[in-house]
Amino acid sequence: MSSITQYSLQFFVIISGLALMVHVIRTSPWTSRHGGLAVRSWPIWIAEQIQGRAGITHESFLSRLARLSALTTKYGVAAWTVFYPQYLSLNFWVLVWVLLLVLEVLRKSAQFYIPARWENVSLKLDSEHFWLIHLIILGTAEVQLGGGPPWGIVSLIIFYTMFAGESRPSILAAFEDVASCGWAVSAIFFLTSKGFTSLFDFAVVMIAVVAVRGIVRVLLGRAWIRRRFWWIAQFCLMTALIIKSLVVLNVLAFFNS
């Protein structure tokens, strides 16, 4: 077995295992209640997962194709960047975010082709679009200005990891969240001039990130984040811009001296 094949299998096991863990935590009888004494048992939970296809809802072909394209891109970028960290650059990450934004817009547009429920279709952009737009804006500014470590982008990616996603009770949504965390972790380690010595280190970091992300979302409330994602995204962007300004003005050097 070649090293690339072995690496691909190990990476798939890591991402799939984390996605399954996230899905179980979101939907298991221990962590979800239907009110009062209505507590489900594990056999009922397993039956619900089989009958409900693990929460994967019906979509049009174009919508599902666009969604799987975005998911495959996130997964592939995360796997490629961990295996070939020597080929990464800031321009590469900006182009990745542009590609993801295009795929997400196509995914949104595809919902208008025979959607399952018309009342769920709107022209409003999703939170994922705003996060990617902010990353592209700040990444472009970083490429043009330079001026020190890109702590602004690092902070914005950390905010993205903590607040992005809708935490839907679906195995596909869990896989999307874990794949998004994968490329975000890889980007943070590149921007901070760090690196992974092995795939095991990446797995440990991913477990920690997914755990912290879950704690943050439980404490704040998934519904609260979803209702106020616009204000959260704007606050995170302004914070990242302030950090970038401090780096350009060399203000942070005073604290390092």
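Positions within a chain are numbered from 1, following the residues in the order the chain's sequence is written. Where local features are concerned, this predicted model is filtered to residues with pLDDT of at least 70; where side-chain atom pairs are given and counted, the filter is 80 or more; whole-chain, interface and lining totals use all residues. The side-chain values count all of the structure's non-hydrogen atoms but skip hydrogen atoms and water molecules.

Participant: Got a minute to help me understand the overall build of the protein in this structure?
Facilitator: Under the DSSP-based scheme used, a helix requires at least four consecutive residues in state H or I and a strand at least two consecutive residues in state E, with every element numbered from the N terminus. Scanning the protein from terminus to terminus reveals 11 helices and 0 strands. When the elements of the protein are put in sequence order from the N terminus, they spell out α-α-α-α-α-α-α-α-α-α-α. For the protein, the share of sequence-separated contacts (at least 6 apart) that also reach a separation of at least 24 residues comes to 75%. Here the protein displays about 14200 Å² of accessible surface, and carbon together with sulfur accounts for 70% of that area. In what follows, a contact means two residues having at least one pair of non-hydrogen atoms within 4.5 Å. To be clear on the numbers: accessible area is Shrake-Rupley with a 1.4 Å probe, and residue cover counts the displayed protein chains and nothing else.

Participant: Help me out: how do you make sense of a nonpolar patch on the surface in this one?
Facilitator: A patch is a set of surface residues, each over 30% in relative accessible area and not in a salt bridge, joined within 9 Å for like charges and within 5 Å for the nonpolar side chains Val, Leu, Ile, Met, Phe, Trp and Tyr. Within this document, salt bridges are pairs made up of a side-chain nitrogen of Lys or Arg and a carboxyl oxygen of Asp or Glu, the two lying within 4 Å of each other. Taken together, the side chains of Leu-145, Ile-242, Leu-246, Val-248, Leu-249 and Val-251 present a nonpolar region at the surface, about 530 Å² in accessible area. Considering every element that reaches the nonpolar patch, the biggest residue donor is helix α10 (residues 229-248), with 3 residues. The topology assignment puts Val-251 in the loop between α10 and α11 (253-256). Working definition: with a 1.4 Å probe on protein chains only, accessible area under 20% of the residue-type maximum means buried, over 50% means exposed, and in between means partly exposed. Overall, the relative accessible area of 32% leaves Val-251 in the partly exposed class.

Participant: Any chance you could explain the packing of aromatic side chains here in plain terms?
Facilitator: Within a pair of aromatic rings, the relevant descriptors are the distance that separates the centres and the angle that separates the planes. Pairing of aromatic side chains requires ring centres within 6.5 Å, counting the rings of Phe and Tyr and the six-membered ring of Trp. Pairs whose planes differ by under 30 degrees are stacked, by over 60 edge-to-face, and all others tilted. Enumeration over the complete set of coordinates arrives at 19 aromatic pairs. Seen from their ring centres, Tyr-7 and Phe-83 are 4.7 Å apart, and the 45° between their planes marks the pair as tilted. Note that Tyr-7 is positioned in helix α1 (residues 3-27) and Phe-83 in helix α3 (residues 61-83), a separation of 76 residues in sequence. Of the residues examined, Phe-83 reaches a relative accessible area of 28% and is grouped as partly exposed. Plain terms: the ring middles of Trp-80 and Tyr-84 are 5.6 Å apart, the flat faces sit at 45° to each other, and that makes the pair tilted. Using a relative accessible area of 26% as the deciding quantity, one classes Tyr-84 as partly exposed.

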